[in-house]
Amino acid sequence: MKKELGIFILLVVLCAITAIKEPRFLAPENLQNTTRLIGAYGLLGLGLGAVIITGGIDLSVGSALALLGVLLSMAITEWHMPGFAAVLLIVAVAMSLGWLHGFLVSRVRIQPFIVTLCGLLFYRGLARFIADDETKGFGDAAGLERLQSLATGNALGVPMPFVLFIVVSALMWVLIHRSIYGRYLFAVGNNEDAARYSGINAKLIVASAYIICAALTGIAAVIFAFYTNSVSPSSHGSFFELYGIAAAVLGGCSLRGGEGSVLGILLGTALLQVLQNLVNLLGIPSSLNFAVMGAVILIGVLADQLLKRKKVKG
Amino acid sequence: MTTPLLEMKGICKRFPGVIALDDVSLEVRAGEIVALVGENGAGKSTLMKILGGIYQPDAGEIRWGGQPVSIHSVNDSMRLGIGFIHQELNLFSNLDVAANVFIGREPRVGGILNLIDRRKIEAETAMLLRRLGVDVSPRTPLGDLSIAHRQMVEITKALSLDTRLLIMDEPTSSLTLTETNRLLEVVRELRASGVSVIYISHRLGEVTEVADRVVVLRDGANAGTLEREEMNHDRIVQLMVGRDLQHVHTPKTDSVKPDYFAVENLRTRRYPHKPVSFKVGKGEVLGVAGLVGAGRTEVAQAIFGVEPAMGGGVSLDGETLKINSPRDAIKQGVCLIPEDRRGLGLVMEWTIRENVTLATLDRYARAGLVDFAAENRAAIEMSSKLRVKAPSVAAKVSQLSGGNQQKVVLAKWLLQKLNVVIFDEPTRGIDIGAKSEIYELINQLTADGAAVIVISSDLEEILRISDRVAVMHEGNLTGVLRRAEASEEAIMRLAVGHSRS
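All values derive from a computational prediction rather than experimental measurement. (Residues numbered from 1 in each chain as written. Chains lettered and ligands numbered in written order. Predicted model: local features only at pLDDT ≥ 70, side-chain atom pairs only at ≥ 80, totals over all residues.)

1. Here's the deal with the overall build of chain B
The helix and strand inventory of chain B stands at 17 helices and 24 strands. Its C-alpha atoms give chain B a radius of gyration of 25 Å, near enough to 23 Å, the size a compact globule of 501 residues would have. Its C-alpha atoms put chain B at 70 × 50 × 50 Å along the principal axes. Within chain B, residue pairs in contact and separated by at least 24 positions form 66% of the contacts whose partners lie at least 6 positions apart. (Helix = DSSP H or I, 4+ residues; strand = E, 2+ residues; numbered from the N terminus. Rg over C-alpha atoms; globule rule 2.2 N^0.38 Å. Contact = placed C-beta atoms within 7 Å.)

Right, dumping it as structure tokens:
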């Protein structure tokens, strides 16, 4: 809990500084846009968090976003599928990719980094190939308003992606911190052998984390596609897995597995997006964007290490 | 009489809240083997850490060859010629034997290139190995060696450092009987060449066999010293615990259901061509003896479904059990307490509560959600029933002693109805007090009607708790002895491969 409190304080301080230096931070449009992005990226962070708790990693998220985005556009504009069916198709495809990752990791025993690195390369290439390397959009396809509102609309002034993120976070919180499944997830991440010797189906638990991650990636893919309204297969979603991983790590997930919390991921995502917003608003050259993020994550992790050491000593 | 090599006098060491050592003295003469025994927490390791320069004594004097010395660091200790063989070996399994022996102080050649002088380290290592009578090439990758041979490598390393006093902490805890005998021989050879040894062990058989003198510690103080001629098992135990230990085993009448749990033609992955069959009666303890590598653990893992069997099967009360994973086994009341507590039995970073309920979590849950209050109650009940010594069930198991950790592993299973319980080396690294508590629990399990299998390399233990003893050798079951027939000699004959005549 302490770790989450630390990030929360950091988040509040950062917001306060930005708001004082640049009142536009608190303008409704800016807040809406920032929370919209928090929502979309947060879904990725939650999924990655589940995988990271098992001691794994998913590097393929960004490329999967591109592949799924391209597929969504083609399903609607070229195969003329109804919007809702197209979304279901995307989530189903995403989950089967997740199943494949889980299978290769838990059954074939290939390291998660390698499995999903191959995914990163493969899905990006596939996306570019099936799109003929052309940017795909949604053209004048009709009847998409409701789906588009999922990405760009608001409910009582709150952006839909953020609402969705909060709902999914609540579900994930129950799943990870209150359910038997969640306990098993941590057990497998901490000591897979001991989990197995206690009668836990460790392979199934590991595989399921990849499927959860992929399902959330699928939902996020729909949101990102409609948010940008066009999918350029060579750049769409590039590096997005790193935002998710960064948020999870900042939120207290350990890459060794067995550690992490939903609240931490939520705060970590928010912190990263506020940072981005701060860079934009305060006129810091946007080329420094990644540098600022990298520095903040490093400082966060360093602070955490120092606190831990102090605790051990004291 | 000549000056002793090492004299420690009036050593005191206090830690916040505990007096670890209170006026402890220890003397070791050159070329003498002194056994240091005592229960866990008696102060053995603290005393040795003072010799190793890890702790500084609050009071007392250390003399080395008659000269007062102060040991402020591991380097000081090494410079005096004190070497340690720890229970957990500090070797690199990815390097070869010679590289391990000279790690960190490799002789160099090639001037500016600063290369390791492989020829020299191989020659010196080979010489030392010969001196110890170990038939291993300096070029063998350490990972290919057995634990016993790795230990010899550690000893080689200590010798290459010109060690005059070698401290061995539980050196035989992972060794088979033959390997143990070989090690004891090496210890005697060291003595003959003038090296002194402080031998720390829970296995009193070895102690009485090899030591010139036994120094017993109890609760951080000297409890007594026995010279070679006064040494015997019971006197040592008496000094260790300060009272007589009653023997736990109560002879039982024959099992009402001798065929309760039957293993038939079980073939393990390691020995696929050697089917194993045996039976364990209801309420019976079957001890399984044998050398390390005899395939005992493999049989246990096949029964428990960790490494599903290649063929054959098991049945309970006449009904065939289908077991393809530990999950299946547990559902049918078959459980395994693995040898490697830390790696396989526990999630070390977790609390007692989470570990105790891990295997039966669905009982403390509704609709898939954990009922924390019920879980907590169950954990508290079990840990007080098993007398786990810990501030609360919220304590991390990594902070518990070996005996208490083993109790937590047991607690995990005792929350459900058990038909068959397999223990793999249940008391390794556990002190005498906790040992008898574990034996009591085994008795309770049999009294409740479970069939119990105990795999152990400690023959004393096997003889003490088993109703019958099965012996394995290289994957074969070479014989099953009734209690009356079982003796160390009879077991060893079978363990080295003689079948029953």
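2. Quick look at the overall build of chain A
Scanning chain A for helices and strands turns up 13 helices and four strands. Computed over the C-alpha atoms, the radius of gyration of chain A is 19 Å, within 12% of the 20 Å expected from 2.2 N^0.38 for a compact globule of 314 residues. If one aligns the C-alpha atoms of chain A with their principal axes, the spans along those axes are about 65 × 55 × 35 Å. Within chain A, the fraction of its 314 residues that count as buried is 49%. Counting only contacts in chain A whose residues sit at least 6 apart along the sequence, the fraction spanning at least 24 positions is 78%. (Buried ≥ 20, exposed ≤ 12 C-beta atoms within 10 Å, placed from the backbone.)

3. Quick notes on helix H10 (residues 202-228) of chain A
Residue and element names in this part refer to chain A. Spanning 27 residues, H10 covers 39 Å between terminal C-alpha atoms, matching the ideal 39 Å at 1.5 Å per step. Burial of H10 is extensive: 22 of the 27 residues sit out of reach of the surface. After H10 finishes, the residue asparagine 229 shows a positive phi value of roughly 65 degrees. (Expected span 1.5 Å × (residues − 1).)

4. Looking at the sheet that holds strand S4 (residues 59-64) of chain B
Strand pairs in the sheet, formed through backbone hydrogen bonds, run parallel or antiparallel to each other. All names here are of chain B. Taking strand neighbours across the sheet as the criterion, the four strands line up as S2-S1-S4-S5 in an open arrangement whose pairing is antiparallel. At either margin of the open sheet sits one strand with a lone partner, and together these are strand S2 (18-28) and strand S5 (67-68). One ladder, built from two bridges, connects S4 with S5; its direction is antiparallel. Opposite arginine 63, over in S5, you have proline 68 as the bridge partner. (Pairing = 2+ DSSP bridges.)

5. Details of the interface of chain A and chain B
Tallying the contact residues gives 16 residues for chain A and 21 residues for chain B. Listing elements by their share of the side of chain A that touches chain B, those giving two or more residues are helix H8 (180-190) and helix H9 (192-197) of chain A.

6. Examining the sheet that holds strand S12 (residues 221-227) of chain B
All names here are of chain B. As summarised here, the arrangement of the six strands in space is S6-S9-S10-S3-S11-S12, forming an open sheet in which the pairing is mixed. Among the strands making up the open sheet, the edge pair consists of strand S6 (82-85) and S12. Ignoring strand direction, the axes of neighbouring strands in this sheet form an average angle of 20 degrees. Bridge analysis of strand S3 (residues 33-37) against strand S10 (residues 196-200) gives four bridges, and the strand direction is parallel. Bridge pairing in S10 links leucine 36 to isoleucine 200. The strands touched by helix H1 (residues 44-51) are S3, S6, strand S9 (165-169), S10 and strand S11 (213-218); relative to S9, the strand with the most contacts, the crossing angle is about 150 degrees. (Axes fitted to C-alpha atoms, helices over the stretch in contact; angles between N-to-C directions.)

7. Concerning the environment of asparagine 265 of chain B
Residues and elements named next belong to chain B. In this fold, asparagine 265 is placed in strand S13 (residues 261-267). A C-alpha to C-alpha distance of 9.9 Å links asparagine 265 and methionine 310, two positions 45 residues apart in sequence. With residues near it in sequence (within four places) discarded, asparagine 265 still touches Pro275, Ser277, Gly311 and Gly312.

8. Section: the nonpolar core
Among the nonpolar cores identified, the biggest contains 173 residues, and Leu72, Ala220 and Ala221 of chain A together with Ile422 and Ile491 of chain B are the most heavily contacted of them. In terms of residues, this core owes the most to one element, H10 of chain A, which gives 19 residues. Excluding residues within four positions of it along the chain, isoleucine 491 of chain B makes contact with Ala289, Leu459, Ile462, Val469, Val471, Leu481 and Ala486 of chain B. Within the second largest apolar cluster, 66 residues are counted, among which are Val28, Val136, Leu159 and Ile167 of chain B. (Core = buried A, V, L, I, M, F, W, Y, C linked by C-beta atoms within 7 Å.)

9. Things to note about the packing of helix H4 (residues 83-106) of chain A against helix H5 (residues 112-130) of chain A
All names here are of chain A. In the contact formed by H4 and H5, the axes pass within 9 Å of each other and the chain directions differ by 145 degrees. Classified by chirality, the crossing of H5 by H4 is right-handed. Listed contacts from H5 to His101, Leu104 and Val105 of H4 are Pro112, Val115, Thr116 and Gly119. Looking at the contact of H4 with H5 residue by residue, the classes come out as four nonpolar, three polar and no charged. (Left-handed = near helix turned anticlockwise from the far one by under 90°. Nonpolar A, V, L, I, M, F, W, Y, C, P; charged D, E, K, R; others polar.)

10. Details of the pairing of S6 of chain B
All names here are of chain B. Alternating positions in S6 separate into two faces, Ile82 and Phe84 on one and Gly83 and Ile85 on the other, with burial throughout. Pairing geometry for S6 and S9, over four bridges, is parallel. Residue isoleucine 82 lies in a different strand from S9, and its bridge partner there is leucine 165.

11. What about the confidence of the model for chain B?
Model confidence for chain B is summarised by a mean pLDDT of 88, while 96% of its residues fall at 70 or above. On the interface metric, ipTM, the complex scores 0.89, and its pTM is 0.80. (pLDDT = per-residue confidence, 0-100.)

12. Quick word on the packing of H8 of chain A against H10 of chain A
What describes two packed helices is the angle between their axes and the distance between those same axes. All names here are of chain A. It is at 10 Å that the axes of H8 and H10 come closest, and there the two elements cross at 105 degrees. As the angle between them shows, H8 and H10 are arranged roughly perpendicular. Packed against H8, whose contacting residues are Tyr184, Leu185 and Val188, the element H10 presents Ala202, Ile205, Val206 and Ala209 at the interface. Here the contact of H8 with H10 is built from residues that sort into seven nonpolar, no polar and no charged. (Parallel < 35°, antiparallel > 145°, perpendicular 65-115°, else oblique.)

13. Comments concerning helix H17 (residues 488-495) of chain B
Residues and elements named next belong to chain B. Those residues of H17 that fall on the buried side of the exposure criterion are Ile491, Leu494 and Ala495. In a view along the axis of H17, the buried residues occupy a sector of 100 degrees, so they form one face of it. With its phi angle positive at about 110 degrees, glycine 497 sits one or two positions after the end of H17. (Arc of directions from axis to C-beta.)

14. A closer look at the pairing of strand S15 (residues 285-290) of chain B
Residue and element names in this part refer to chain B. In terms of burial, S15 is largely enclosed, as six of its six residues are buried. Judged by which residues are buried, S15 turns out to be covered on both faces: Val285, Gly287 and Ala289 on one side and Leu286, Val288 and Gly290 on the other are all buried. One ladder, built from four bridges, connects S15 with strand S22 (residues 451-455); its direction is parallel. Opposite leucine 286, over in S22, you have isoleucine 453 as the bridge partner. With five bridges connecting them, S15 and strand S23 (residues 468-473) associate as parallel partners. Across the sheet, valine 288 pairs through a bridge with alanine 470, a residue of S23.

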